[in-house]
Amino acid sequence: MRIATFNINGIKARLPRLLEWLEETRPDIACLQEIKTQDEGFPAAEFERLGYGAIWHGQKGFNGVAILARDAQPVESGRGLAGDPEDVHSRYLEADVHGVRVASIYLPNGNPVPGPKFDYKLSWMKRLRARAAELAMLELPVVLAGDYNVIPHDHDIWSTKALLDDALRQPESIAAYRTLLADGWTDALATHYPQGRVWTYWDYQAGAWQQDHGFRIDHLLLSPVAADRLVACGVDKAHRGREKASDHAPTWIELSD
DNA sequence: ATGTCGTGACCTTCACGA
């Protein structure tokens, strides 16, 4: 079973690319982030045509997450994270699909540092950790997939000197991410590529793609039962190089049946 | 130092978020 995560940076602008990717790679589950549309604007019929059921949590202009399932309808098990009634961002959606509990996560960017946006990022990560602890109690395999906006290690960015002041590389962000790993979650790509230097994001600016100045922020965290079934993982890098591409590349895992 | 996108709004151009 293939489970992918893809920050598409606007589902309206990206729809042809997204449908093309689905047809070419046929993931069993696709977690989408930054759909950047209200619920009414979600093109569910387009996915249905390709055999995908979907659930989505939209928001006007920004954020927004979705879960697609091939030949199935995801059964929603969570929408938003508990712990902050003031939080109106659409960043978390969770469902049961094909015997797996899966979450589509769009973790706050957190820039600039310091400031309220960075505080929000860190508190959001605490709330995610609390939800993850609940999910760890399930018998089902669990996959927490999404754009974490955290660069976990120096070898997860093209230059160790880049983005040092950025929220994506702050010690507090990295520590919160490592806390999840310490709780028993497995970073799939880190396990399979221990030497690092596998990118999932290349900025639109400054010729980052052309120079391969990327970094890794799209992660799939696996519960122990899911990690036991991990057989392969990777990044659909070629899709980042196409016309009108997202600034992220699809990132995926393969679980044994 | 700069570089680019996508979205939305009294909208042919800017502000914002990333």
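Nothing here was measured: the structure is a model prediction, and the numbers come from that model.

Caption draft 1: Main features of the protein's contact with DNA strand B. With respect to spatial proximity, 17 residues lie near DNA strand B, and among them Asn9, Arg14, Lys60, Tyr204 and Ala206 are the closest. Contact distances for DNA strand B include 3.4 Å between a phosphate oxygen and a side-chain N or O atom of lysine 117. In the model, a sugar or linking oxygen of DNA strand B is placed 3.2 Å from a nitrogen or oxygen of the tyrosine 204 main chain. Per-element accounting of the surface near DNA strand B gives the leading share, three residues, to helix H1 (residues 11-25). For the surface near DNA strand B, a count of residues per class yields five nonpolar, five polar and seven charged.

Caption draft 2: Layout of the packing of aromatic side chains. Inspection of every chain in the model, using the stated rule, returns six aromatic pairs. A ring pair is formed by tyrosine 148 and tyrosine 177, whose centres lie 5.7 Å apart and whose planes are at 85°; its orientation type is edge-to-face. Of this pair, tyrosine 148 sits in the loop between strand E8 (142-147) and helix H4 (171-182) while tyrosine 177 sits in helix H4, placing them 29 residues apart in sequence. The pair tyrosine 148 / tyrosine 177 is uniform in exposure class, with both members buried. Plain terms: the ring middles of tryptophan 202 and tryptophan 209 are 4.9 Å apart, the flat faces sit at 85° to each other, and that makes the pair edge-to-face. With relative accessibility at 0%, the residue tryptophan 202 sits in the buried group. What links up through ring pairs into an aromatic cluster is the set Phe42, Phe47 and Trp56.

Caption draft 3: Just the sheet that holds strand E3 (residues 52-57), in detail. With mixed pairing, the six strands of this open sheet are ordered in space as E3-E4-E2-E1-E14-E13. Since the sheet does not close on itself, it has two edges, and those belong to E3 and strand E13 (230-235), each with one partner. Mean inter-strand twist for the sheet, computed between neighbouring axes without regard to direction, equals 15°. Summarising the sheet, strand E1 (residues 2-7) and strand E2 (residues 29-33) pair through five bridges and their orientation is parallel. Bridge assignment links phenylalanine 6 to a residue of E2, and that residue is leucine 32.

Caption draft 4: Geometry of the pattern of salt bridges. On inspection of all chains with the given rule, the structure shows 18 salt bridges. Residue aspartate 84 pairs with arginine 127 through a salt bridge whose shortest N-O separation is 4.0 Å. Taken together, the positions of aspartate 84 in the loop between strand E5 (75-79) and strand E6 (92-97) and arginine 127 in helix H3 (residues 116-135) put the pair 43 residues apart, joining distant regions of the chain. Given the relative accessible area of 22%, aspartate 84 is considered partly exposed. Between aspartate 212 and lysine 237 there is a salt bridge; the shortest N-O distance is 3.3 Å.

Caption draft 5: Focus on the packing of H3 against H4. Here H3 crosses H4 at 5°, and the two axes come no closer than 10 Å. Comparing their axes, H4 and H3 come out roughly parallel. Contacts from Phe118, Lys121, Leu122, Met125, Leu128, Arg129 and Ala132 of H3 reach H4 at Glu172, Ser173, Ala176, Tyr177, Thr179 and Leu180. Across the contact of H3 with H4, the residue classes tally to eight nonpolar, two polar and three charged.

Caption draft 6: Molecular detail of H1. The first and last C-alpha atoms of H1 sit only 18 Å apart over 15 residues, clearly below the 21 Å expected at 1.5 Å per residue. At arginine 17, H1 shows its maximal bend, which comes to roughly 35°. Buried within H1 we find Ile11, Arg14, Leu15, Leu18, Leu19, Trp21, Leu22 and Thr25. Close packing links the buried residues of H1 with E1, E2, helix H2 (44-49), E3 and strand E4 (65-70). In the segment just after H1, arginine 26 is the residue with positive phi, at about 45°.

Caption draft 7: Expanded view of the pairing of strand E14 (residues 251-255). Of all the five residues making up E14, four are buried; the element is thus mostly covered by neighbouring parts of the structure. Note that E1 and E14 share four bridges and pair antiparallel. Each bridged residue has a counterpart across the sheet, and for isoleucine 3 the counterpart in E14 is isoleucine 253. Here E13 runs beside E14; their pairing, made up of five bridges, is antiparallel. Each bridged residue has a counterpart across the sheet, and for glycine 234 the counterpart in E14 is tryptophan 252.

Caption draft 8: Spotlight on H3. Across its 20 residues, H3 extends 28 Å between first and last C-alpha, which sits within 8% of the 28 Å expected from 1.5 Å per residue. Regarding H3, the residues found buried are Phe118, Tyr120, Lys121, Trp124, Met125, Arg127, Leu128, Ala132 and Leu135. Looking at the buried side of H3, the elements it contacts are E6, strand E7 (100-106), E8 and H4.

What counts, and at which threshold
- Residues numbered from 1 in each chain as written.
- Chains lettered and ligands numbered in written order.
- Predicted model: local features only at pLDDT ≥ 70, side-chain atom pairs only at ≥ 80, totals over all residues.
- Heavy atoms only, no water.
- Near = heavy atom within 4 Å.
- Polar contact = N/O pair within 3.5 Å; in protein donor to acceptor, adjacent residues only side chain to side chain.
- Helix = DSSP H or I, 4+ residues; strand = E, 2+ residues; numbered from the N terminus.
- Nonpolar A, V, L, I, M, F, W, Y, C, P; charged D, E, K, R; others polar.
- Phe/Tyr/Trp six-rings, centres within 6.5 Å; stacked < 30°, edge-to-face > 60°.
- Buried < 20%, exposed > 50% of the residue type's maximum accessible area, 1.4 Å probe, protein only.
- Pairing = 2+ DSSP bridges.
- Axes fitted to C-alpha atoms, helices over the stretch in contact; angles between N-to-C directions.
- Salt bridge = Lys/Arg side-chain N within 4 Å of Asp/Glu carboxyl O.
- Parallel < 35°, antiparallel > 145°, perpendicular 65-115°, else oblique.
- Contact = heavy atoms within 4.5 Å.
- Expected span 1.5 Å × (residues − 1).
- Bend = angle between axes of the 7 residues up to and from the residue.

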